[in-house]
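# Survey of secondary and tertiary structure
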Amino acid sequence: MGRAGSVASQMGLTVGDRGSSARLAIVAIPANNEAERIPACLTALAAQRNQGGAPLAAGLFEVLVFANNCVDETAAVVRALAGVVPHPVTVTAETLPPDKANAGWARKRAMDLAAGRLVEAGCRNGLILTTDADSTAASTWVDATFRAFDGGADCVAGYIDAHPGEMIELGPAFVRRGRLEDHYLSLLAEIQARCAPQPHDPWPNHRISSG
């Protein structure tokens, strides 16, 4: 199932038509044997737009792919796409030891690499955002994320959903049940938010906090 992702900006540039302060930002992507799906992930990041529908400036954010324990061509696919997409893309290939060869440690390593990049650049107000290699970010995800940070947010979480095409392939009964469940859980989230409001996460919010 595909999921939504996260993103960023580059020193000396601003997102869309906003006057936000320039900052270096990197989207960190752990990838394990994702040669088939990562092109869609990088394409979605390359096609980011602002709220008015205009494409974001080339080089507005960096992409760092951490190819861990891959036995396919994930790293090679990323390197080939790096010359096509409008934002800087780097890939680091490593083999994690057996006790750390899992999604959690891979995510940590990817974000540590991004943090190291910010330190090297001497960037004190940088951002690290993360998504999955089998995910496709919404077209205004970068702009919306920056707007949230510019508005004073300390952390931004995006909503994660199943890939529409794969949901349809599971048949009408699955789609119908899924829509009912999603509506039910959304109502529960609203009830909880209104009955026990959290100052840091006011309604409307979303109910996804996994990962």
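Structure shown above.
What you see is a predicted model, and the numbers here were worked out from it, not measured in a lab.

Cut-offs and rules
Residues numbered from 1 in each chain as written. Predicted model: local features only at pLDDT ≥ 70, side-chain atom pairs only at ≥ 80, totals over all residues. Heavy atoms only, no water. 1 Å grid on protein atoms, 1.4 Å probe; cavity = no way out; pocket = protein on both sides within 12 Å on 5 of 7 lines; lining within 4 Å. Points joined across faces, edges and corners; volume = space filled by probe spheres on them. Helix = DSSP H or I, 4+ residues; strand = E, 2+ residues; numbered from the N terminus. Nonpolar A, V, L, I, M, F, W, Y, C, P; charged D, E, K, R; others polar. Axes fitted to C-alpha atoms, helices over the stretch in contact; angles between N-to-C directions. Parallel < 35°, antiparallel > 145°, perpendicular 65-115°, else oblique. Left-handed = near helix turned anticlockwise from the far one by under 90°. Contact = heavy atoms within 4.5 Å. Pairing = 2+ DSSP bridges. Buried < 20%, exposed > 50% of the residue type's maximum accessible area, 1.4 Å probe, protein only. Salt bridge = Lys/Arg side-chain N within 4 Å of Asp/Glu carboxyl O. Patch = residues over 30% accessible without salt bridge, like charges linked within 9 Å, V, L, I, M, F, W, Y side chains within 5 Å. Areas by Shrake-Rupley, 256 points an atom, 1.4 Å probe, with all protein chains shown as cover. Phe/Tyr/Trp six-rings, centres within 6.5 Å; stacked < 30°, edge-to-face > 60°. Lys NZ or Arg CZ within 6 Å of the ring centre and 35° of its normal. Arc of directions from axis to C-beta.

### Structural notes on the layout of surface pockets
Within this model, the second largest pocket holds a volume of roughly 660 Å³. Lining the second largest pocket we find 19 residues, and of these His200, Asp201, Pro202, Asn205 and His206 sit closest to its centre. When residues of the lining of the second largest pocket are assigned to their parent elements, the largest contribution, three residues, is made by helix H6 (residues 172–195). Residue composition of the lining of the second largest pocket, grouped by class: 10 nonpolar, six polar and three charged.

### Regarding the packing of helix H1 (residues 38–46) against helix H2 (residues 74–82)
Interhelical geometry of H1 versus H2 gives an angle of 30° and a closest axis separation of 10 Å. The orientation of H1 with respect to H2, classified from their angle, is roughly parallel. When you trace H1 past H2, the crossing you get is right-handed. Every residue of H2 that contacts H1 at Ile38, Pro39 and Leu42 is listed here: Val77, Val78 and Leu81. Partitioned by chemical class, the residues of the contact of H1 with H2 number six nonpolar, no polar and no charged.

### Here's the deal with the sheet that holds strand S1 (residues 25–31)
On the basis of which strands lie adjacent, the open sheet formed by four strands has the order S3-S2-S1-S4 and parallel pairing. Edge positions in the sheet fall to strand S3 (89–94) and strand S4 (127–130), since each has one partner strand and no second. In this sheet, neighbouring strand axes are inclined to one another by 25° on average, regardless of whether the strands run parallel or antiparallel. As paired elements, S1 and strand S2 (residues 62–68) share six bridges and run parallel to each other. Residue pairing for S2: Ile26 is matched across the bridge by Glu62. In the packing of H1 onto the sheet, the strands contacted are S1 and S2, and the crossing angle to S1 comes to about 170°. Against the sheet, helix H3 (residues 103–120) engages S1, S2, S3 and S4, with an angle of about 150° to S1.

### Focus on the pairing of S4
Residues of S4 alternate between two faces, with Leu127 and Leu129 buried on one and Ile128 and Thr130 left unburied on the opposite face. Bridge count for S1 against S4 is four bridges, and the pairing is parallel. Pairing of Ile26 across the sheet is with Ile128, part of S4.

### A look at the pattern of salt bridges
Following the criterion strictly, the structure yields seven salt bridges and no others. With a closest N to O distance of 2.7 Å, Arg117 and Glu62 form a salt bridge. Of this pair, Arg117 sits in helix H3 while Glu62 sits in strand S2, placing them 55 residues apart in sequence. For Arg117, a relative accessible area of 30% corresponds to the partly exposed category. Overall, the relative accessible area of 11% leaves Glu62 in the buried class.

### What to know about a nonpolar patch on the surface
On the surface, a nonpolar cluster with roughly 310 Å² of combined accessible area is contributed by Tyr184, Leu188 and Ile191. Locating Tyr184 in the fold gives a position in helix H6.

### Considering the packing of aromatic side chains
Going through the model one piece at a time under the given rule, you end up with zero aromatic pairs. The positively charged end of Lys100 is found above the aromatic ring belonging to Trp105, 4.3 Å away from the centroid.

### Here's the deal with empty space enclosed by the protein
Where empty space is left in the structure can be found by rolling a water-sized probe over the atoms. In the structure shown here, the tally under the stated rule is one cavity of 30 Å³ or more. Looking at the largest cavity, its volume works out to about 30 Å³. As for the largest cavity, its lining consists of Leu42, Leu45, Ala46, Phe61, Val63, Val85, His87 and Val89. Element by element, the count of residues in the lining of the largest cavity is highest for H1, at three residues. Along the lines of polarity and charge, the residues of the lining of the largest cavity split into seven nonpolar, one polar and no charged.

### A few points about H2
Within H2, burial applies to Thr74, Ala75 and Val78. Considered in projection along H2, the buried side chains sweep an arc of 95° and stay on one side of the axis. Packing partners of the buried residues in H2 comprise S1, H1, S2 and S3.

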